[in-house]
Amino acid sequence: MKPYLANAAKTKEILERHGFYTKKGYGQNFLIDPRIPEGIAEAAGLTKADTVFEIGPGIGTLTQYLAERAGRVVALELDRKLEPVLKETLSGWDNVTLLWGDVMKQDLPRLFEENGVSGPVKVAANLPYYITTPILMRLFEYPELFSELTLMVQKEVGERMAAAPGGKDYGTLSLSVQYYADPEAVLAVPPSAFLPQPKVSSVVMRLSKRKKPRPECRDDAYLFAVIKAAFLQRRKTLSNALSAAPQLGTDRETVTAALTEMGLDPMIRGERLSLEQFAGLSDRLWEAGHSSASGQEKT
Ligand code: SAM
């Protein structure tokens, strides 16, 4: 069977026939322009050798396109009310496994194991926008489970993912994404591609995962704590912002010394530092903290 759902008339007909009302709180905006699911499936580079994990199949629009190209689709949906709809719309494809639950609460390695999925798998999704960043962070928690991610996100979120140092879009999201992956915008998507229409524009982003996170650093949890503190009040200088964060266990002098050692202005703000520079700074602060801690132990 060929994909047949991505148009407004068919989507309305199915929703009405099943008495289904879309829920704003679940980010339910369904695709009605065939070029978009086609573009996502194409950008995901799927072959019959691939298993693809879809978050939020909705009424199955993108799922049909993924099932055409991939060997297997494993789709996880939160809203159980969609079950009768998905049973109908995916009945023509025998390579789709439907799972129910909240992607934020699932034990993903266990879920995959129970369903005979061995990683790394590709991810393709038209994400529920209310939890885009938490979902991304969740996927990055399991580098061994996932390879390429092809994700529809709000346009501004896509811009933040790919932002370079210095601009207003650059921040924690840019650095977290770029630590794990190379982000690339592959398709601009207007509100008219969805039913109901969202107020915002969207973009399909391809995040090609790195084999190893870049750059190497001593302690990535500490690196992310430094980044978070740096952007908590982005108008502050780094030495002010980091010394005001007790969880980092550092002080103004140590931050200033580390920045000077790196050839950076001690008055610099976090928004000007590259990922590599953040890693260098984080390593220096981490080492200063550990050497003073071991010094204290000895006395
Ligand atoms: N894939 C469909 C499409 O492209 O037309 C629907 C995409 S819609 C933007 C997002 C989907 O994610 C909805 O079906 C929604 O119910 C589901 N969803 C929302 N929160 C979720 C969660 N925490 N876990 C899994 N699915 C979720």
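About the thresholds
Residues numbered from 1 in each chain as written. Predicted model: local features only at pLDDT ≥ 70, side-chain atom pairs only at ≥ 80, totals over all residues. Heavy atoms only, no water. Helix = DSSP H or I, 4+ residues; strand = E, 2+ residues; numbered from the N terminus. Buried < 20%, exposed > 50% of the residue type's maximum accessible area, 1.4 Å probe, protein only. Contact = heavy atoms within 4.5 Å. Axes fitted to C-alpha atoms, helices over the stretch in contact; angles between N-to-C directions. Parallel < 35°, antiparallel > 145°, perpendicular 65-115°, else oblique. Nonpolar A, V, L, I, M, F, W, Y, C, P; charged D, E, K, R; others polar. Near = heavy atom within 4 Å. Polar contact = N/O pair within 3.5 Å; in protein donor to acceptor, adjacent residues only side chain to side chain. Areas by Shrake-Rupley, 256 points an atom, 1.4 Å probe, with all protein chains shown as cover. Pairing = 2+ DSSP bridges. Phe/Tyr/Trp six-rings, centres within 6.5 Å; stacked < 30°, edge-to-face > 60°. Domains from an automatic or database assignment. Buried area = accessible area lost by both parts, 1.4 Å probe. Salt bridge = Lys/Arg side-chain N within 4 Å of Asp/Glu carboxyl O.

**Overview of the overall build of the chain**
Part 1 of the argument: The secondary structure content of the chain amounts to 12 helices and nine strands.
Part 2 of the argument: Across its three principal directions, the C-alpha atoms of the chain cover 75 × 40 × 30 Å.
Part 3 of the argument: The proportion of buried residues among the 299 residues of the chain is 49%.
Part 4 of the argument: Long-range contacts, defined as pairs at least 24 residues apart, comprise 69% of the intrachain contacts of the chain with a sequence gap of at least 6.

**A short note on the packing of helix 8 (residues 172-180) against helix 9 (residues 220-232)**
Part 1 of the argument: Two numbers describe how helix 8 lies on helix 9: the axes approach to 9 Å, and their chain directions differ by 155°. Taken together, the axes of helix 8 and helix 9 are roughly antiparallel relative to one another. In this structure, helix 8 uses Thr172, Leu175, Ser176, Tyr179 and Tyr180 to contact helix 9, whose residues at the interface are Asp220, Leu223, Phe224, Ile227, Lys228 and Phe231.
Part 2 of the argument: The class makeup of the residues in the contact of helix 8 with helix 9 is seven nonpolar, two polar and two charged.

**Regarding the site of the ligand**
Part 1 of the argument: Among the 23 residues in the neighbourhood of the ligand, the closest are listed as Gly56, Glu77, Asp102, Asn126 and Tyr130.
Part 2 of the argument: Within the side chain of glutamine 28, a nitrogen or oxygen atom sits 2.9 Å from an oxygen atom of the ligand.
Part 3 of the argument: Between the ligand and the protein, one listed contact pairs an oxygen atom with a side-chain N or O atom of glutamate 77 at 2.6 Å.
Part 4 of the argument: Computed on the free molecule, the ligand has an accessible area of 600 Å², of which 99% lies beneath the protein chains in the complex.
Part 5 of the argument: Across the shell around the ligand, the residue classes break down as 11 nonpolar, eight polar and four charged.

**Remarks on the pairing of strand 5 (residues 121-126)**
Part 1 of the argument: Counting buried positions along strand 5 gives six out of six residues, so the element sits mostly inside the fold.
Part 2 of the argument: Relative to strand 5, strand 2 (residues 51-55) runs parallel, the two being bridged by two bridges. Paired with valine 52 across the bridge in strand 5 is lysine 122.
Part 3 of the argument: Note: strand 5 against strand 6 (residues 146-154), five bridges, orientation parallel. Residue alanine 125 lies in a different strand from strand 6, and its bridge partner there is leucine 151.

**What about the packing of aromatic side chains?**
Part 1 of the argument: In total, this model carries 10 aromatic pairs according to the counting rule given.
Part 2 of the argument: The interplanar angle of 90° and the centroid separation of 5.2 Å between the aromatic rings of tyrosine 179 and phenylalanine 224 together place this pair among those described as edge-to-face. Note that tyrosine 179 is positioned in helix 8 and phenylalanine 224 in helix 9, a separation of 45 residues in sequence.
Part 3 of the argument: The exposure class of phenylalanine 224 is buried, given its relative accessible area of 19%.
Part 4 of the argument: Taken together, the ring pairs in this structure connect Phe140, Tyr179, Tyr180 and Phe224 into an aromatic cluster.

**A short note on the side chain of threonine 97**
Part 1 of the argument: Assignment of secondary structure puts threonine 97 in strand 4 (residues 96-100).
Part 2 of the argument: Here threonine 97 falls in the buried class, since its relative accessible area comes to 19%.
Part 3 of the argument: Apart from residues no more than four positions distant in its own chain, threonine 97 is found in contact with Arg72, Val73, Val74, Ala75 and Asn115.

**A look at the domain arrangement of the chain**
Part 1 of the argument: The domains assigned to the chain are domain 1 (8-209) and domain 2 (220-298).
Part 2 of the argument: On a C-alpha basis, the centres of domain 1 and domain 2 stand 36 Å from each other.
Part 3 of the argument: In this complex, domain 1 contributes 12 residues to the contact, which on the side of domain 2 involves 14 residues.
Part 4 of the argument: Surface buried jointly by domain 1 and domain 2 totals about 990 Å² across both partners, of which 65% is contributed by carbon and sulfur atoms.
Part 5 of the argument: By the criterion of area lost to domain 2, the three top residues of domain 1 are Tyr170, Leu175 and Tyr179, representing 49% of everything that side buries.
Part 6 of the argument: Seen at the junction of domain 1 and domain 2, the total is zero salt bridges.

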